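If you want the building blocks of each chain, they are given just below.
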Amino acid sequence: MQVELNRDILVDLGGWAVLKEARGIVDGGRVKYHAWENKLLTGEVVGAGQSFFPRLNLRSLTFAENRCNCMMGRRGNVCAHAIALCLASMESKPEATSGGSESELVVEVEPEPPLKIESLVMSASKGIPARFILLLPPNLVEAAKKDRISLRVEMEMASGSRHLLQQVDRGRAYCLDETDQQLGAKIERLCGGKLHSMMQVSRAQLREMLTLVSGKGFVGWLKQPKQAMTWVDGQIPGVDRMLVESEATVEPEKVTVKSSIASRTGRRPQLAASSPSSERSKRVKVDGSPHYLAIELPSREDPSHFEVLELLKQWRFKLEPSNGKWWLRDSHHVMNFLADHWDVFKKQYQAEFSKNFESRLSQVKKLEVKVDIEPSKDGYEVNLGLSGDVSSNELNLQLAKGRRFFQKGDETLLIDKKQLQVLENLSSKLLGIKTDHQSRVGMRLNASSHDLCDWEDLLNDNGVDWAAPEDWKLRSEAIRNLSKLAEAPVELNLNDRLRLYQKIGTAWMHHLYRHQLAGILADEMGLGKTVQAIAMITALKKSENEGLALVVCPAGLVGNWLRELRQFAPQLRLYGHHGPERESTSESWDSDYDVIVTSYSTLSRDNEMFRDHEWSAIFGDEAQHIKNRRTQHAKSLKLLRGKGRFLLTGTPIENSIEDLVSLFEFLMPGYLKKAPAGTTHPDDRHWYRERIRERASHYILRRTKKQVAPELPEKLDQVIYCDMDQSQRAMYEGFRRDSSLAIEKLESSGVSEGAIKMAAFTELLRLRQICADPRLLKPELDGNLSCKLGVFKELLQESIDGGHRMLVFSQFVSVLQLLKQELQSQGIPLAYIDGKVRDRLAEADRFNNDDSIPVFLISLKAGGTGLNLTGADTVVHFDPWWNPAVEAQATDRAHRIGQTRKVTSIRLIVSGTVEEKVQMMQHKKRKELEALFDESASLTGKLELTDVKSLLAATD
């Protein structure tokens, strides 16, 4: 029996982008056939030169399984080909022609928003003029046949200087025309959300890029990067024909290619049309023995001719004019050459090796990295070494002599430089210590349960030929591929209320629990981390019959947790251990309750009571409260005993990626390692930070609203620049000059960097207060002196007139008090929260339930987390902060599940001040986190002394 499908199910299965692509496949008539077998949907989709055969198993819509020969399908993801079969199945039903609407046979896909570059700041007025440069490889003919083209992209500034994309200064703004912006956005998509200069693209992807820049983009050859190719009628003669979608041999027109050697000799080699008769003459031919090599170059028409020639000259091969071959006659050099380049000639140049060569070198073997795995008491014993049972002493002795080979019995063993690099990389990363260049051979390491995913990635990414035991695969596969998760046994009434991604999040936590692992649920704010944790608690009670669960959260969220637990799991017995009336003993907790909710501060004070219990699971909410492992909060949480440990936070990194070390000291002690004391070199510190990121990423589940809540209304981000009048500007500049002089005096006096930084922060605070409202420093001043206040009053009036409701966030309570006085003087109703308000939930409920209150003034620290304020659709950040994740958290009080209106987030920035510089700093500080999270999770950064001093400098 086939599954009843509709648009919502298809969006849940694949997302809007996949659905849109599938719609195009169906409309293009590319679905050849489809068939149901029970709940298994199969069929064929015709592509460009290839057919795809998806197999979509829908026995569970929550955990649908897909297999397809496309890239997404091979990874187990639901691809556009599978969704196309679903659409074709829906439209083939009899009711499809009768106009029935219940089955939603026609899927209307919202138009895709215009592409834009996310990793660079764009400014038409203040940006640096720039453009992208596309450089094609000299072996384009062969690469196009294989559909794997190595493309290099650079950014050229107006000055003529060029930069690799990964080295472009993210702290500056750029001005690109619309074409280059779309090209940059496509490059970001191809490179996983980043801009990177080197990439491998298919014929279709390169053709799409060339079509985008048709007639005006700079396209050149990699070996002649300054010489642009000529466009003729929007095409580059010869190049376009190489990119046709066909598996047949491409016969390109002749294209002039200048190599470094051609430019010196004046010769211009041309790419001859391929044909079976000329194929043999174009291949490198290799003859030789352990004592000599004789290499015949391919014809000059082949781009590899000059590459091979350069290589042979570097190794001091000599040309023999009588036979046209290049000779190397020295056994030492021959073996060293083969150690590095045998595979290059075989795989890259597809060389033809003579029978003499193969016979004479049959006893020459390459050393490969070898991994043996055996079960052990605590996990697995991993033996890392080289084939041939080579010892460290043997290896290092030969390397010290400059030999990349040695004799062992009848065999000659080649020491491949790449394999040594793999061995060195694996040795360092498996040990968690950045080693020197001394390769470690014959290592025996123990892999515990929490190492499996990380070590599996390391071995696979380094191209090691190994086989994971079945039990290893079962433990790691579900973490690496969420479609492999088993559904958690959540209480039925609650399970029916969960969204698809929430069921997956619960199943993920349940899988970790069953395998004695732990993790961080880091979904974007507003996606329901609390309800997923509650579902997990009910699953433990239902399936494991586990005992008492503990929730630890900030003091202001204790009431919110109790309310959510009562709403979603009324069968659970709850106790909030908080406040002066809390119980003084925990003796009856196990018999009287199912869940205890307490605050971090109460846990620290009553830690002995909590340490007496063996908790079924411990949930730490807003986990950034334990980012510093030296605090009492972190120490108290770490001392607890629990079978399952989970942290909930949308921002697990607030200052630097090393915050994760503190979080994992609670989750899995010893799993992450910081750089050893005394590690000062930037490259070494970067290595340890990357290692932390790699290991932590397996136990962090992060979903964004774009990924899992496509129906959520749009969020618009807007910056409004406010211009100070002459009086406010004079006050600001006077304070700025005095601040800079004060810092200079401190530096010359020889005080510590910490003291200078504290003083600089104090001076910055004054400048920020002047930007917000000069009355914060001089109360006697007129309120009209604040340019922000004037802009805010206009915004508020427009909001009220338009029927909107507004949240206003500020880090300064004194600013909120001034705004409160202003609103009260105008008779405008308001809601208000700062650190002194005890019952935040009551004030939030009052605002959500009373549409007559148009504005809610909120302290960023007191109200930036734990509140649902979907009654508002406009958010104003009165003053910015260097950590934009905090601002994102605040905005998500309104932009979350339950919101039905478009949300506008407005940041008020005073032009030409420290506030404008903070904006640039936010973009610069994202780099370290982009690899760990998508989109908004990367919006954090650490403020260094150099950053503080740059903020105090005069504005350009």
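Bear in mind that the values here come from a model prediction, so they are computed numbers and not experimental data.

Novice: I'd like to hear about the sheet that holds strand β36 (residues 874–877), residue by residue, with values.
Specialist: Taking strand neighbours across the sheet as the criterion, the six strands line up as β32-β37-β36-β33-β35-β34 in an open arrangement whose pairing is parallel. Each edge of the sheet is formed by a strand with only one pairing partner; in this case those strands are β32 (715–722) and β34 (830–833). Going from strand to strand, the sheet's axes swing by 20° on average, the running direction of each strand aside.

Novice: Run through the packing of aromatic side chains, naming residues and quoting values.
Specialist: What the rule picks out here adds up to 20 aromatic pairs. Their ring planes at 55° and their centres at 6.0 Å tell us that Y575 and W589 sit as a pair that is tilted. Of this pair, Y575 sits in strand β27 (residues 574–577) while W589 is found in helix α22 (residues 589–592), placing the two residues 14 residues apart along the sequence. Taken together, the ring pairs in this structure connect W315, F317, F337, F345 and Y349 into an aromatic cluster. The residue whose ring lies beneath R162 is F218, and the NZ or CZ to ring-centre distance is 4.9 Å. Directly above the ring of Y832 sits K820, whose terminal nitrogen or CZ lies 4.6 Å from the centroid.

Novice: Residues and numbers for the packing of helix α6 (residues 178–190) against helix α7 (residues 203–212), please.
Specialist: Running from N to C, α6 and α7 cross one another at 165°; their axes reach a closest spacing of 10 Å. The orientation of α6 relative to α7 falls into the category roughly antiparallel. In the crossing of α6 with α7, the sense of the turn from one axis to the other is left-handed. Contact residues: α6 offers T179, Q182, L183, K186, I187 and L190, while α7 offers Q205, E208, M209 and L212.

Novice: Any details on the side chain of R805? Residues and values, ideally.
Specialist: Looking at the secondary structure, you find R805 in the loop between α31 (787–801) and β33 (806–810). Reaching out from R805, the side chain makes a polar contact with the backbone oxygen of F847 at a distance of 2.5 Å. Polar side-chain contacts of R805 include one of 2.7 Å to the backbone oxygen of D850. The contact partners of R805, leaving out residues within four places of it in the chain, are S799, F847, N848, D850, D851, I853, P854, G871, A872, D873 and T874.

Novice: Could you give an account of the confidence of the model for the chain, naming the residues involved and the relevant values?
Specialist: Across the chain, pLDDT averages 80, with 86% of residues at or above 70. With pLDDT under 50 throughout, residues 95–112 is counted as low confidence; its partners more than four residues away or in other chains account for 30 contacts.

Novice: Mind laying out the environment of A862, listing which residues take part and the relevant values?
Specialist: Turning to its location among the elements, A862 is positioned in helix α34 (residues 860–863). Judged by its relative accessible area of 15%, A862 falls in the buried class. If sequence neighbours within four positions are ignored, A862 has contacts with I833, D834, G835 and R840.

Novice: So what's going on with the sheet that holds strand β28 (residues 595–599)? Which residues, and what values?
Specialist: One open sheet accounts for seven strands, arranged β27-β28-β26-β29-β30-β25-β31; its pairing is parallel. Only two strands of the sheet have a single partner each, and these edge strands are β27 and β31 (700–701). The strands touched by helix α26 (residues 659–667) are β25 (519–521), β29 (614–621), β30 (641–648) and β31; relative to β30, the strand with the most contacts, the crossing angle is about 150°.

Novice: With reference to specific residues and values, describe the pattern of salt bridges.
Specialist: Scanning the entire structure with this criterion turns up 34 salt bridges. For the salt bridge of R162 with E156, the shortest nitrogen-to-oxygen distance reads 3.2 Å. Neither R162 nor E156 differs from the other in exposure class; each is buried. Residue D451 pairs with R695 through a salt bridge whose shortest N-O separation is 2.7 Å.

Novice: So, the pairing of strand β8 (residues 149–157): which residues are in play, and what are the values?
Specialist: Here β8 lies mainly inside the structure; seven of its nine residues are buried. Bridge count for strand β7 (residues 128–136) against β8 is six bridges, and the pairing is antiparallel. When the bridges of β8 are listed, A130 appears paired with M157. Two strands pair when backbone bridges link them, and β8 and strand β11 (residues 198–201) are joined in this way by four bridges, in the antiparallel orientation. Across the sheet, the residue bridging to I149 is V201, located in β11.

Novice: Explain unusual backbone geometry residue by residue, including any values.
Specialist: In this model, R316 sits at a positive phi of 65°, which is unusual for a non-glycine residue. Checked against the element boundaries, R316 lands in the loop between α11 (304–314) and β16 (318–320). Located in the positive-phi region is Q516, a residue other than glycine, with phi close to 55°. Here Q516 lies in the loop between α19 (500–514) and β25.

Novice: An account of the nonpolar core is requested, with residue identities and associated values reported.
Specialist: Counting 81 residues, the largest nonpolar core has W561, L637, L660 and F664 as its most contacted members. Take this core: its biggest share by element is eight residues, from helix α20 (residues 529–544).

Novice: Give me the lowdown on helix α17 (residues 470–480), citing residues and values where you can.
Specialist: Within α17 the residues assigned to the buried category are W472, S476, A478 and I479. The arc that holds every buried residue of α17, seen down its axis, measures 160°, which confines them to one face. Of the exposed residues in α17, those oriented more than 90 degrees away from the buried face are E470 and L474. In this structure, the buried side of α17 is in contact with β20 (369–375), β21 (380–386), β24 (443–447), α16 (452–461) and α19.

Novice: So what's going on with α6? Which residues, and what values?
Specialist: Given a rise of 1.5 Å per residue, 13 residues ought to cover 18 Å, and the 19 Å separating the end C-alpha atoms of α6 matches this to within 8%. Turning to α6, its buried residues are T179, D180, L183, G184, A185, K186, I187 and E188. Along its buried surface, α6 packs onto β7, β8, β11 and α7. Residue D177 occupies the N-cap position of α6, its side-chain oxygen lying 3.2 Å from the main-chain nitrogen of T179.

Novice: Outline the pairing of strand β37 (residues 903–910), supporting the account with residue identities and numerical values.
Specialist: Of all eight residues in β37, eight are buried; the element is thus mostly enclosed. Covered by surrounding structure in β37 are V903, S905, R907 and I909 together with T904, I906, L908 and V910, the residues of both alternating faces. Two strands pair when backbone bridges link them, and β32 and β37 are joined in this way by eight bridges, in the parallel orientation. What sits directly across from Y721, in β37, is I909. Pairing geometry for β36 and β37, over four bridges, is parallel. Note that in β37 the partner of T874 across the bridge is T904.

Definitions and cut-offs
Residues numbered from 1 in each chain as written. Predicted model: local features only at pLDDT ≥ 70, side-chain atom pairs only at ≥ 80, totals over all residues. Heavy atoms only, no water. Pairing = 2+ DSSP bridges. Helix = DSSP H or I, 4+ residues; strand = E, 2+ residues; numbered from the N terminus. Axes fitted to C-alpha atoms, helices over the stretch in contact; angles between N-to-C directions. Phe/Tyr/Trp six-rings, centres within 6.5 Å; stacked < 30°, edge-to-face > 60°. Lys NZ or Arg CZ within 6 Å of the ring centre and 35° of its normal. Parallel < 35°, antiparallel > 145°, perpendicular 65-115°, else oblique. Left-handed = near helix turned anticlockwise from the far one by under 90°. Contact = heavy atoms within 4.5 Å. Polar contact = N/O pair within 3.5 Å; in protein donor to acceptor, adjacent residues only side chain to side chain. pLDDT = per-residue confidence, 0-100. Buried < 20%, exposed > 50% of the residue type's maximum accessible area, 1.4 Å probe, protein only. Salt bridge = Lys/Arg side-chain N within 4 Å of Asp/Glu carboxyl O. Core = buried A, V, L, I, M, F, W, Y, C linked by side-chain atoms within 4.5 Å. Arc of directions from axis to C-beta. Expected span 1.5 Å × (residues − 1).

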